[in-house]
Amino acid sequence: MIITLDPKLDSRCAIARQEAIEAVACEHGLKVHPVYGANKTLLCIVGEFNGQYSTLLDNFQAMEGVESVHQVMEPYKLAGRTSHPDNTIVEVGSVCIGNGSLTHIAGPCAVESEQQIRDIAHAVHNAGGHILRGGAFKPRTSPYSFQGLGEDGLKMLRDAGEEVGMPTVTEVLDTRDVPLVAEHADMLQIGARNMQNFGLLKEVGETGMPVLLKRGMSARIVDLLMSAEYVLSRRNGTSNVVLCERGVTGFDTQTRNQIDMSAIPVLHNLTHLPVVLDPSHAVGVREYIPSMALAGVAAGADGVHVEVHTHPEQAFSDGKQSLIPEQYAQLVERMGVIHSAVRDLYVRH
Ligand code: PEP
Ligand code: MN
């Protein structure tokens, strides 16, 4: 970390402040390398921080005579590429995400009935889908909207997945439901609204199960990575977290959210974790899903997550953004063409 001393200090005060900082650094076994510029003095603190980095950063920031403290190391040690240069491949059942192939995650917004999820599972599977999604616990803005079928929904999703041979992913909303959801699903989803529910992240981390971590609609990329860090910090070296860009809040109302397409290459640069795109929740309008899905593949996404419904006009939630099976099948084919055209661009050596 680099500390800049307040340039308004006279030289006697500056020396006293520098000594005080050196004393704190020394207490923690750290070294200080001063750089004396014409107008500013910089103190570079180096050494082994032993998990004290952010506390020390705050402490130095609070010391008298300190103008600013600059963080040099990334705060997401486990999620960051610096300490883990190779791409992580996340296994969900027999499906691998992040191995250079393009993973298709699809299904209805919510599991509505046994028949509905079975029909959609078959449609998604026939279209070339790899992982079946479907919400059993729904994070609805209104408490009066459909909240999901709960445990029954989890079982229906699991059975439908087993019938077609696809692993499943479903959202867990509450720490109390983690064991139940973990029992029935192959991958746990943390929704955008819960991205910074740290208790839930820790609990989900403890299960050791693969996690689909969605970016909060007002979260910065660094916040998403810090949330991944919460999950990873509860594991013994397994990095099975997949990050999902699903749009952020913007000022335009033509689409539900604004897709941050550049988050895909930025995340690939910063982290070894796979990155998937969810154009459905990002855009919220069926008509725009295919173009955004294709753009996501072109931008290097490791997978695309799409809502599909056999009868969108009857859907309990998000029918407006759900593709019908024929549209999804056509999209999967087109995504394959784009993926073949760009995959060499994203191979990491
Ligand atoms: C979902 O995938 O079911 C969902 C609610 O998405 P998000 O958390 O991204 O809004
Ligand atoms: Mn939805």
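Preceding this paragraph is the structure being described.
The shown structure was predicted, so the numbers you read here are calculated from the model rather than taken from an experiment.

(A) Highlighting the packing of helix α3 (residues 114–127) against helix α4 (residues 151–164). α4 packs onto α3 with a crossing angle of 35° between their chain directions and a minimal axis gap of 9 Å. In this structure, α3 crosses over α4, and the sense of that crossing is right-handed. Between α3 and α4, the residues in contact are Glu114, Ile117, Arg118, Ala121, His122 and His125 and Met156, Leu157, Ala160, Glu163 and Val164, respectively.

(B) Geometry of the state of the cysteines. Summed over the entire model, instances satisfying the criterion amount to 0 disulfides. Cys44 forms no disulfide, and the closest cysteine sulfur to it belongs to Cys26, at a distance of 17 Å.

(C) Molecular detail of the side chain of Ser280. Looking at the element boundaries, Ser280 is found in helix α9 (residues 279–283). Since its relative accessible area comes to 0%, Ser280 is described here as buried. Separated by 2.9 Å, the side chain of Ser280 and the backbone nitrogen of Glu307 make a polar contact.

(D) The arrangement of the site of ligand 1 in detail. Every residue lining ligand 1 is accounted for by Arg133, Lys138, Pro139, Glu171, Gln189, Gly191, Ala192, Arg193, Lys214, Arg246 and His281. Within the backbone of Ala192, a nitrogen or oxygen atom sits 2.8 Å from an oxygen atom of ligand 1. Between ligand 1 and Arg246, the relevant distance is 2.6 Å, taken from an oxygen atom to a side-chain nitrogen or oxygen of the residue. When ligand 1 is considered free in solution it has 290 Å² of accessible area, and contact with the protein chains removes 97% of it. When grouped by side-chain class, the residues that make up the shell around ligand 1 number 2 nonpolar, 3 polar and 6 charged.

Cut-offs and rules
Residues numbered from 1 in each chain as written. Chains lettered and ligands numbered in written order. Predicted model: local features only at pLDDT ≥ 70, side-chain atom pairs only at ≥ 80, totals over all residues. Heavy atoms only, no water. Axes fitted to C-alpha atoms, helices over the stretch in contact; angles between N-to-C directions. Helix = DSSP H or I, 4+ residues; strand = E, 2+ residues; numbered from the N terminus. Left-handed = near helix turned anticlockwise from the far one by under 90°. Contact = heavy atoms within 4.5 Å. Disulfide = S-S within 2.5 Å. Buried < 20%, exposed > 50% of the residue type's maximum accessible area, 1.4 Å probe, protein only. Polar contact = N/O pair within 3.5 Å; in protein donor to acceptor, adjacent residues only side chain to side chain. Near = heavy atom within 4 Å. Areas by Shrake-Rupley, 256 points an atom, 1.4 Å probe, with all protein chains shown as cover. Nonpolar A, V, L, I, M, F, W, Y, C, P; charged D, E, K, R; others polar.

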